[in-house]
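Here's the letter readout for the chains.
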Amino acid sequence: MPDAPEDWGEVLERLLAGDALAFARFNRLLTGFLVQLRAYDFREEWEDLRQEVLVAVLQNARAGRLRDPQALVGYVRIITRNKFVDRLKRRLRHPEGRALPWDEETARATAGPSPREATGAERTEVWAAVAELPEEERRVLEGVYREGRSYQEVSDATGVPLGTLKRRLTRGLAALRVRLGEAEPHG
């Protein structure tokens, strides 16, 4: 006789209450999703991934965002996949054992003057060029360089995700360099 399907709503309730058996069942579910993702090369990170997913699930359950316990399995599948992909991207960007030639601050410093670093007539010319950019790029450039806010502060103020904000900054700065004759346009 096959086992009865797991009642994940009950498992979640017991997990919130601190039941160790519910924790073991939840980890079994997560491990199954990691196997489906063929995440074998990241086995040393599985424990960290399981903890990240567990924390996210518990936080959302306590905040009342997991209203339908039957949707728990789908939610866990999606969040496991997303957190795995995030780790994969980080590893691909920064391979182990390979030092990056510079940090983000050094990269910005070697890229030439930013709009905030320009002075006098240069500053007027730079901000006139910024005003001609598309609004989405102009807003983030002004927030970071004119107002001196951090990426996170601008992201919070505009509602633009951090990754999108950084892409817009990169595009905006590249467009400014082209407009101001400091670089050749890219393809």
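Conventions used here
Residues numbered from 1 in each chain as written. Predicted model: local features only at pLDDT ≥ 70, side-chain atom pairs only at ≥ 80, totals over all residues. Heavy atoms only, no water. Helix = DSSP H or I, 4+ residues; strand = E, 2+ residues; numbered from the N terminus. Buried < 20%, exposed > 50% of the residue type's maximum accessible area, 1.4 Å probe, protein only. Contact = heavy atoms within 4.5 Å. Areas by Shrake-Rupley, 256 points an atom, 1.4 Å probe, with all protein chains shown as cover. Salt bridge = Lys/Arg side-chain N within 4 Å of Asp/Glu carboxyl O. Polar contact = N/O pair within 3.5 Å; in protein donor to acceptor, adjacent residues only side chain to side chain. Core = buried A, V, L, I, M, F, W, Y, C linked by side-chain atoms within 4.5 Å. Phe/Tyr/Trp six-rings, centres within 6.5 Å; stacked < 30°, edge-to-face > 60°. Lys NZ or Arg CZ within 6 Å of the ring centre and 35° of its normal. Axes fitted to C-alpha atoms, helices over the stretch in contact; angles between N-to-C directions. Parallel < 35°, antiparallel > 145°, perpendicular 65-115°, else oblique. Left-handed = near helix turned anticlockwise from the far one by under 90°. Nonpolar A, V, L, I, M, F, W, Y, C, P; charged D, E, K, R; others polar.

Caption draft 1: Layout of the overall build of the protein chain. In terms of regular secondary structure, the protein chain is built from 9 helices and 0 strands. Out of the 187 residues in the protein chain, the part that is buried amounts to 32%. Taking as baseline every contact in the protein chain between residues at least 6 positions apart, the subset at least 24 positions apart corresponds to 56%. Here the protein chain has roughly 12,300 Å² of accessible surface; of this, 52% comes from carbon and sulfur atoms.

Caption draft 2: Region of interest: the pattern of salt bridges. Scanning the model with the defined rule gives 11 salt bridges in all. Between Arg 168 and Glu 136 there is a salt bridge, with the nearest N and O atoms lying 3.5 Å from each other. Linking Arg 168 in helix H9 (residues 162–179) with Glu 136 in helix H7 (residues 135–146), this pair joins segments that are 32 residues apart in sequence. Judged by relative accessible area, which is 17%, Arg 168 ranks as buried. A relative accessible area of 35% places Glu 136 in the partly exposed class. Notably, a salt bridge pairs Arg 146 with Glu 142, separated by 3.9 Å at the nearest N-O pair. Of the two residues, Arg 146 and Glu 142 are both situated in helix H7; the distance of 4 residues between them amounts to about one turn of the helix. What you see here is one network of salt bridges that share partners, running through Glu 135, Arg 138, Glu 142 and Arg 146.

Caption draft 3: Quick peek at the side chain of Arg 50. Mapped onto the secondary structure, Arg 50 falls in helix H3 (residues 46–62). What makes Arg 50 buried here is its relative accessible area of 16%. A polar atom in the side chain of Arg 50 sits 2.8 Å from the side chain of Glu 47. Beyond its immediate stretch of four places on either side in the chain, Arg 50 contacts Asn 27, Leu 30, Thr 31 and Leu 34.

Caption draft 4: View of the nonpolar core. Counting residues in hydrophobic clusters, the biggest one holds 20 residues, and the most contacted among them are Phe 26, Val 53, Val 57, Leu 72 and Val 76. Contributions of two or more residues to this core are made by helix H1 (8–16), helix H2 (20–36), H3 and helix H4 (72–93). When near neighbours in sequence (up to four residues on either side) are disregarded, Leu 72 contacts Trp 8, Leu 12, Val 57 and Leu 66. Formed by 16 residues, the second largest nonpolar core is a distinct cluster that contains Val 140, Leu 141, Val 154 and Leu 173.

Caption draft 5: Structural detail: the packing of aromatic side chains. Using the criterion set out here, one finds 0 aromatic pairs in the structure. Above the ring of Trp 127, the side-chain terminus of Arg 146 is found at 4.0 Å from the ring centroid.

Caption draft 6: View of the packing of H7 against helix H8 (residues 151–158). Two numbers describe how H7 lies on H8: the axes approach to 9 Å, and their chain directions differ by 135°. It follows from the interaxial angle that H7 and H8 lie oblique. Where H7 crosses over H8, the two elements pack in a sense that is right-handed. Here H7 contributes Arg 139, Val 140, Gly 143 and Val 144 to the contact with H8, which in turn contributes Tyr 151, Val 154 and Thr 158. Its residues assigned to classes, the contact of H7 with H8 shows 4 nonpolar, 2 polar and 1 charged.

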